[in-house]
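Below, each chain spelled out in residue letters.
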Amino acid sequence: MTSIGTGYDLSNSVFSPDGRNFQVEYAVKAVENGGTAIGIRCKDGVVLALEKIISSKLLKAGANKRISTVDRNIGVVSSGLLPDGRHFASRARDEAAQWRRTYKAPIPTSALANHMGSYVQMYTLYSSVRPFGITAIVGGWDPEIELPVDGQVGSGPATGSGGKKEGAKHGGPFLYMIEPSGLYWGYYGAATGKGRQSAKSELEKLDLAAGNLTLEEGVKEAARIIYAAHEDSKDKDFELEMTWVSSLDGPTKGRHQEVPKELLEEAERLAKKALEGDDDDDDEKMED
Amino acid sequence: MNHLPQAWGRPRDDVYGAYSNSFLQTSGPTTHTQSPIVTGTSVIAVKFKDGVVIAADNLASYGSLARFTDVKRLRKFNTRAVVGFGGDVSDMQYLDRLLSSLDIRENYAEESPDAQLHAKNLHTYLSKVMYKRRSDFNPLWNHLLVAGLDGENKPFLASADLLGTTFSSPTLATGFGAHLAQPILRRTVPDEATVASVTKEQAVELVKESMKVLFYRDARSMDKYSIAVITKEGVELKENEKLENQSWAFAEGIRGYGTQVN
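The structure presented is a predicted model; accordingly, all values stated were derived computationally and were not measured.

Here we take up the sheet that holds strand β3 (residues 51-57) of chain B. Residues and elements named next belong to chain B. The five strands are arranged β11-β2-β3-β12-β13 in an open sheet whose pairing can be described as antiparallel. Two strands bound the open sheet, and with one partner strand each, they are β11 (171-173) and β13 (234-242). Strand-to-strand twist in this sheet, taken as the mean axis angle between neighbours without regard to direction, amounts to 10°. Where strand β12 (residues 224-231) lies against β13, seven bridges are found, and the strand directions are antiparallel.

Right, dumping it as structure tokens:
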């Protein structure tokens, strides 16, 4: 931040002489202080997990959910300024609903990420607005079968022309991360927020590109990674919030839902155990 | 005076001033929304002690032509509400999409099953949609039956029509069924008090018999139909049922039209 005070950081949409947009960089700073959020793209679904920092003891445990359902099959989690995240989710819902009105079918996760990327980018262009202070992770399962058009009531002629390609592959798990600049990429594993560095290095160890991790393993890994990432802000209490979306024949039947209580508790138990295990290792090393 | 047809028989401009041409418009108010095109016929439903049975055949007619023969006119909303559609099929498809978007919005936050919309909520919503549209002179040309369970998990059955009129009764039928099936249904379930003594099997049998009578006498009906049973256990929807044990022997005795001579 050597260029602070040069005047190029005062207005949105103004470049500095060396080609940077400082307002966007400051927005990234806001994200870096948010609770850690991660997404894992498993072979049969996607997991979203969030380290929800408890800002007051007066808040009801388990209330104030932060991971939002956008369409039946897509979820969004964000890290950074909470109200910006709310607005992002609200806009994503509108986009998904508008897509359905136009195409009579659910929005593909890739299209939603594209639309939201464009939307976020628009907030870097005008001096009358500020960029989004969030990085959002979008995870969804696009149906692997050819869905009927919304409102379809029959199956059409049983014989005659059709032109459908046999054996074509559709859908699957998708995961995208959208940054304050509007930049978005598709990921095997995505992490943002305060503990992103350690979360990313943990995600890299999972070798997600090989596509071997199952959804249930993904849930447990996600819990472990959030607990591990929380070590960076250990003085604060947190709640683990976790959702998943599976294939049509999987546990959520293609819907984005909260991870069931039993599985969540099991994953948390394993995560705590793994942490303690790490501590033990450290202790042993120290003893040595 | 001039030779233009629109001036014939009208007051002369030079005497009476210019004639207002606004009276000569060839276009009228929108009328294409005011009659159905592709239609489904009767929907019938009856309450029993644990829930509701509802049925409709799988035909969509284009006038008198049996145009589409695999049209599912019962729509499951959730585990405790089913809507049956009579009337215009494209308006039914619109309502289907409207209900989908409602369902998506209602389930952004995960709720317990008890917090989900129930059949009574759904009927209120749909009747308000119907009334709004008729008040806009743009009615949805349907007669709906909403079957399922209410907020106390008791059987619920009510109708809403294209005027926004609502009606509730232990037995209901739309279209031709209101004339042909309703009396048969009422023989078994004359009033609300009898509902408690009707079993699921009786109700299903009653609906199947009524569907058969409708097929015998309604020329816009078909022998393939959908039937749904809604109870606390959820919705049991079968969409490819066929009318069984048909007997056309009665047709021999019908006199007064057709090819017979006396």
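Attention shifts here to the interface of chain B and chain A. On the chain A side, the residues contacting the 13 residues of chain B number 18 residues. Taken together, the two surfaces of chain B and chain A that pack against each other cover about 1,300 Å², and 48% of this comes from carbon and sulfur. On inspection of chain B and its partner chain A, the count reaches one salt bridge. In this structure, the salt-bridge partner of D103(B) is R72(A), at a minimum N-O distance of 2.8 Å. The tally of links between chain B and chain A comes to six residue pairs in polar contact (both at pLDDT 80 or more). Class assignment for the residues of the side of chain B that touches chain A results in five nonpolar, two polar and six charged.

Moving on, we come to the side chain of E239(A). Residue and element names in this part refer to chain A. In this fold, E239 is placed in strand β9 (residues 238-246). One polar contact links the side chain of E239 to the main-chain amide nitrogen of G62, over a distance of 3.0 Å. Excluding anything up to four places from it in sequence, E239 contacts L50, E51, K52, I54, K60, A61 and G62.

All names here are of chain A. Relative to the helices and strands, R66 is located in the loop between β2 (45-53) and β3 (68-71). Among buried Asp, Glu, Lys and Arg side chains, R66 stands out as unpaired, with E241 the closest opposite charge at 6.3 Å. Within the local environment of R66, its side chain forms a polar contact with the backbone oxygen of S78, the two atoms lying 3.1 Å apart. The contacts of R66, once residues within four sequence positions are left out, are L50, K52, V76, S78, L82 and E241.

Next up on the list: the pairing of strand β6 (residues 74-78) of chain B. Residues and elements named next belong to chain B. In terms of burial, β6 is a largely internal element, four of the five residues being buried. The pairing of β6 with strand β7 (residues 81-88) spans four bridges and is classified as antiparallel. In the strand pairing of β7, K76 is matched with V82. Between β6 and the antiparallel strand that follows it, β7, lie two residues.

Time to look at the sheet that holds β3(A). Residues and elements named next belong to chain A. Across the sheet, five strands lie side by side as β3-β4-β5-β6-β7; this open sheet has antiparallel pairing. If you trace the sheet from one side to the other, it starts and ends with β3 and β7 (184-186), each paired once. Looking at each pair of strands side by side, their axes are set apart by 25° on average, direction ignored. Two strands pair when backbone bridges link them, and strand β5 (residues 134-142) and strand β6 (residues 172-178) are joined in this way by seven bridges, in the antiparallel orientation. From the neighbouring strand, A136 faces β6, where its bridge partner is I178. Against the sheet, helix α3 (residues 109-122) touches β3, β4 (74-80), β5, β6 and β7, its axis set at about 10° to β6.

Time to look at the confidence of the model for chain B. Fine structural detail should not be taken from predicted coordinates in areas where pLDDT scores are low. Taken as a whole, chain B shows an average pLDDT of 92; of its residues, 97% reach a score of 70 or greater. For this predicted complex, the interface confidence reaches an ipTM of 0.88, while the overall pTM sits at 0.88.

All names here are of chain B. In total, this model carries 25 salt bridges over all chains according to the counting rule given. We note a salt bridge from E192 to K47, for which the minimum N-O separation is 3.0 Å. Within this pair, whereas E192 is found in helix α6 (residues 192-195), its partner K47 is found in strand β2 (residues 43-48), the two being separated by 145 residues in sequence. Classification of K47 as buried rests on a relative accessible area of 7%. Between D50 and K49 there is a salt bridge, and its shortest N-O distance comes to 3.7 Å. Judged by relative accessible area, D50 falls into the partly exposed class, the value being 40%.

Residue and element names in this part refer to chain A. For A37, the position within the fold is in strand β1 (residues 37-42). Given a relative accessible area of 0%, A37 falls into the buried group. Put simply, A37 and A63 are 26 residues apart on the chain and 18 Å apart in space, counted from C-alpha to C-alpha. Setting aside residues no more than four positions away along its own chain, A37 makes contact with A49, L50, V77, S79, I137, A190, A191 and T192.

Rules used throughout
- Residue numbers run consecutively from 1 along every chain, following the written order of its sequence.
- Key to labels: chains lettered from A, ligands numbered from 1, both in the order written.
- Restriction of local features to residues with pLDDT of at least 70 applies here, the model being predicted, together with a cutoff of 80 or more for giving and counting side-chain atom pairs; totals for whole chains, interfaces and linings are based on all residues.
- Derived side-chain values reflect all non-hydrogen atoms in the structure, with water molecules and hydrogen atoms excluded from consideration.
- When DSSP finds two or more bridges between a pair of strands, those strands are recorded as paired.
- Going along the chain from the N terminus, every DSSP run of H or I of four or more residues is numbered as a helix, and every run of E of two or more is numbered as a strand.
- Each axis is a line fitted through C-alpha atoms, and for a helix only the stretch in contact is used; angles between axes span 0 to 180 degrees, taken between their N-to-C directions.
- What makes two residues a contact is simply this: any of their non-hydrogen atoms within 4.5 Å.
- Accessible area that two parts lose when put together, evaluated with a 1.4 Å probe and summed over both, is termed the buried area.
- Within this document, salt bridges are pairs made up of a side-chain nitrogen of Lys or Arg and a carboxyl oxygen of Asp or Glu, the two lying within 4 Å of each other.
- Polar contacts here mean pairs of N or O atoms no more than 3.5 Å apart (in protein, one a potential hydrogen donor and the other a potential acceptor; neighbouring residues in sequence count only if both atoms are side-chain atoms).
- Residues are grouped as follows: Ala, Val, Leu, Ile, Met, Phe, Trp, Tyr, Cys and Pro are nonpolar; Asp, Glu, Lys and Arg are charged; all remaining types, including Gly, are polar.
- Think of it in three bands: residues with accessible area under 20% of the maximum for their type are buried, residues over 50% are exposed, and the middle band is partly exposed, with areas taken using a 1.4 Å probe on protein chains only.
- Charged-residue counts in this description rest on Lys and Arg as positive and Asp and Glu as negative, His and the chain ends being excluded.
- Values of pLDDT, which run from 0 to 100, indicate the predictor's confidence residue by residue.

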